[in-house]
Amino acid sequence: MDAPTTTSADNGTSGGGGGWFTPRKKPTTTPDSEPAAPEGRRPAAIRPVGRPAPAPETPADGTAVPPAPTTGGASTGEPEQARAPQEAIPAPSPLAAQHASAPAAASVAAASSAGPAPTTLTPAPFASTAPSAPGPDETWVSAQRPTPASNPGQAASAPAQEASPDAVLVRRAMAEVAPVAEKVTSYFYALLFVRYPDLRPMFPPAMDTQRDRLLKALLTAAEHIDNKEVLVDYLQNLGRGHRKYGTRAEHYPAVGECLIGALSKYAAGVWNEEMEAAWIRTYTTISQVMIDAAATDELRAPAWWYAEVVTHDLRTPDVAVITVRPDQPYPFLAGQYTSVETPWWPRIWRHYSFAAAPRSDGLLSFHVKAVPAGWVSNALVHRARPGDIIRLGPPAGAMTVDHTTESGLLCVGGGTGIAPIKALVEDVAEHGDRRSVEVFYGARTDHDLYDIDTMLRLQQSHPWLSVRAIIDQQAHQQLPDAIRAYGPWDEFDAYLSGPPGMIRSGVDALRDVGIPSDRIRHDSVEELVAAGP
């Protein structure tokens, strides 16, 4: 993660039959055909749903609720997320139906649970919603973009403070639903697709690999509502990234309604009006930050970029170095990553780091490893060829070089994690820095050191660069452990890139050798896991 992958703005061509473009040919549709943003940037208010009724499985009139619609793509033979729960979905109340037909900027989503007359809440600025208390972790999410921290280490080093009342209530609900997380996720999407079937085409036809990302991102943000500095950056990235999915301001109330509906059902043991109000305030804050970030980004960047594959270099049977040419300038920084969508799997996005610093010719490179059951990775490695067209989301990530300091760089890259490390080295060289850069390139076998020749050529050209290959089968130790044999590292900023497990153990190893948490940079582990193969 992106975070959570929900949908792509495909100009109305996603769904049954056909994709948004044909391989090897540039699509005739263009990003500027994306639906216009509504005038109002404030999300419609979310109304409290009250404590859920004892038996919400059927509507008050006793009629059966139709199953969740399956529009949005040809059947893949895999069960839809909405089919997972075998529980009936409460129908929206007449009030909700009334607002559903109102203009988007003024629509108000209401849930069907019985309760006192709701009070409309007005979105409030982020700072006013969360008192002073830090509080990511997409552990309930997954283990890589969920830590809403651009630099998780900075959050970890912040002093602990007393949680705000809303944060206490939000976390109490989270603890209550944690044992039944799968049911909550299934019920959330079932509610969303039954009540708002027009949103279903925005999601991939097969929901098995992506169904939990949206909900997990929302829950992650809610759980850390007090950590304003970290959370705002996380939410702004989410808001900008969700533009490529076609997300608009009027979609947020529907998601919030169904989120609170699912939580109120499965946290019934602790749910009350006070908790519900806390969740409404929290979600209103979250959605407003995302909406504002998307609105600002819309003024300066497209929702996505088309990019043509210009070279495809198969380095090993399962690793390819792919170079693409975007259809318009693509600004990014060395060490960042982007999301990629292929023509063969529309609406499924995966994250890949840039494998080179920005180039004068505008070309972008990625290192892709095909993993078992990896839809996007296998398509890019085994199916993509020069001339094919892919789509790119906006750049993200804060694993970038601070050129205002003279600290050395300790770079640890495992597998295809060497890609952003290579970009960082090129970035230092282009800035004319003479700071020490120590690179540890880890692999399971020497066969997996697919880019070692490139790294050694860089070492020959730059005396301040040192490259060490650490091969597990020969060294009989993991990459993070090998770092302890060198050093000292107290004058270095550390950068880690690779599998989530390596990042976790690498952070521990670096702390053990004395590198402060705020000088350890890596992309969120939770987000990496959420990104999928």
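Keep in mind the model is a prediction, meaning the values are calculated, not measured.

Calculation notes
- Residues numbered from 1 in each chain as written.
- Predicted model: local features only at pLDDT ≥ 70, side-chain atom pairs only at ≥ 80, totals over all residues.
- Heavy atoms only, no water.
- Helix = DSSP H or I, 4+ residues; strand = E, 2+ residues; numbered from the N terminus.
- Areas by Shrake-Rupley, 256 points an atom, 1.4 Å probe, with all protein chains shown as cover.
- Buried < 20%, exposed > 50% of the residue type's maximum accessible area, 1.4 Å probe, protein only.
- Pairing = 2+ DSSP bridges.
- Contact = heavy atoms within 4.5 Å.
- Axes fitted to C-alpha atoms, helices over the stretch in contact; angles between N-to-C directions.
- Parallel < 35°, antiparallel > 145°, perpendicular 65-115°, else oblique.
- Left-handed = near helix turned anticlockwise from the far one by under 90°.
- Nonpolar A, V, L, I, M, F, W, Y, C, P; charged D, E, K, R; others polar.
- Salt bridge = Lys/Arg side-chain N within 4 Å of Asp/Glu carboxyl O.
- Phe/Tyr/Trp six-rings, centres within 6.5 Å; stacked < 30°, edge-to-face > 60°.

(A) Local environment of the overall build of the protein chain. A tally of helices and strands in the protein chain yields 16 helices and eleven strands. When the accessible surface of the protein chain is summed, it comes to about 21,000 Å², and 53% of that surface belongs to carbon and sulfur atoms.

(B) Representation of the pairing of strand 2 (residues 319-326). In terms of burial, strand 2 is a largely internal element, seven of the eight residues being buried. Bridge count between strand 1 (residues 305-316) and strand 2: eight bridges; the pairing is antiparallel. Opposite His312, over in strand 2, you have Ile322 as the bridge partner. If you look at the hairpin formed by strand 1 and strand 2, you'll find two residues sitting between the two strands. Bridge analysis of strand 2 against strand 5 (residues 364-369) gives six bridges, and the strand direction is antiparallel. When the sheet's bridge partners are listed, Val319 is paired in strand 5 with Lys369.

(C) Spotlight on the sheet that holds strand 8 (residues 437-443). Taking strand neighbours across the sheet as the criterion, the five strands line up as 9-8-7-10-11 in an open arrangement whose pairing is parallel. Looking at strand neighbours, the two that pair on one side only are strand 9 (465-471) and strand 11 (520-521), the edges of this open sheet. Most of the contacts of helix 12 (residues 452-461) go to strand 9, to which it runs at about 155°, and overall it touches strand 8 and strand 9. The strands touched by helix 15 (residues 500-512) are strand 7 (408-414), strand 10 (492-497) and strand 11; relative to strand 10, the strand with the most contacts, the crossing angle is about 165°.

(D) Region of the structure containing the packing of helix 11 (residues 418-430) against helix 12. Where helix 11 meets helix 12, the closest approach of the two axes is 11 Å, and the angle between their N-to-C directions is 20°. Taken together, the axes of helix 11 and helix 12 lie roughly parallel to each other. Regarding helix 11 and helix 12, the two cross each other, and that crossing is left-handed. Residues Ile418, Lys422 and Val425 of helix 11 lie in contact with helix 12, whose contacting residues are Thr454, Met455 and Leu458. Its residues assigned to classes, the contact of helix 11 with helix 12 shows four nonpolar, one polar and one charged.

(E) Region of the structure containing the pattern of salt bridges. Applying the stated criterion across every chain yields a total of 15 salt bridges. In this structure, the salt-bridge partner of Arg315 is Asp451, at a minimum N-O distance of 2.9 Å. Within this pair, whereas Arg315 is found in strand 1, its partner Asp451 is found in the loop between strand 8 and helix 12, the two being separated by 136 residues in sequence. With relative accessibility at 32%, the residue Arg315 sits in the partly exposed group.

(F) Quick peek at the sheet that holds strand 4 (residues 349-353). What the six strands build is an open sheet, ordered 4-3-6-1-2-5; its pairing is antiparallel. Since the sheet does not close on itself, it has two edges, and those belong to strand 4 and strand 5, each with one partner. Neighbour-to-neighbour, the strand axes of this sheet turn through a mean angle of 40°, independent of strand direction. Together, strand 1, strand 2, strand 3 (337-341), strand 4, strand 5 and strand 6 (389-392) form the strand contacts of helix 10 (residues 375-383), whose direction differs from that of strand 5 by roughly 115°.

(G) Just the packing of aromatic side chains, in detail. Taken as a whole and assessed by the stated rule, the structure comprises 16 aromatic pairs. Aromatic pair Tyr187 and Tyr266: ring centres 5.7 Å apart, planes at 80°, arrangement edge-to-face. Of this pair, Tyr187 sits in helix 5 (residues 181-195) while Tyr266 is found in helix 8 (residues 252-266), placing the two residues 79 residues apart along the sequence. For the pair Tyr187 and Tyr266, one class covers both residues: buried. Taken together, a centroid distance of 6.4 Å and an interplanar angle of 75° make the contact between Trp304 and Tyr306 edge-to-face. Here Trp304 matches Tyr306 in class, with each residue buried. Ring pairs connect the aromatic residues Trp305, Tyr330, Phe332, Phe354 and Phe366, which therefore count as one cluster.

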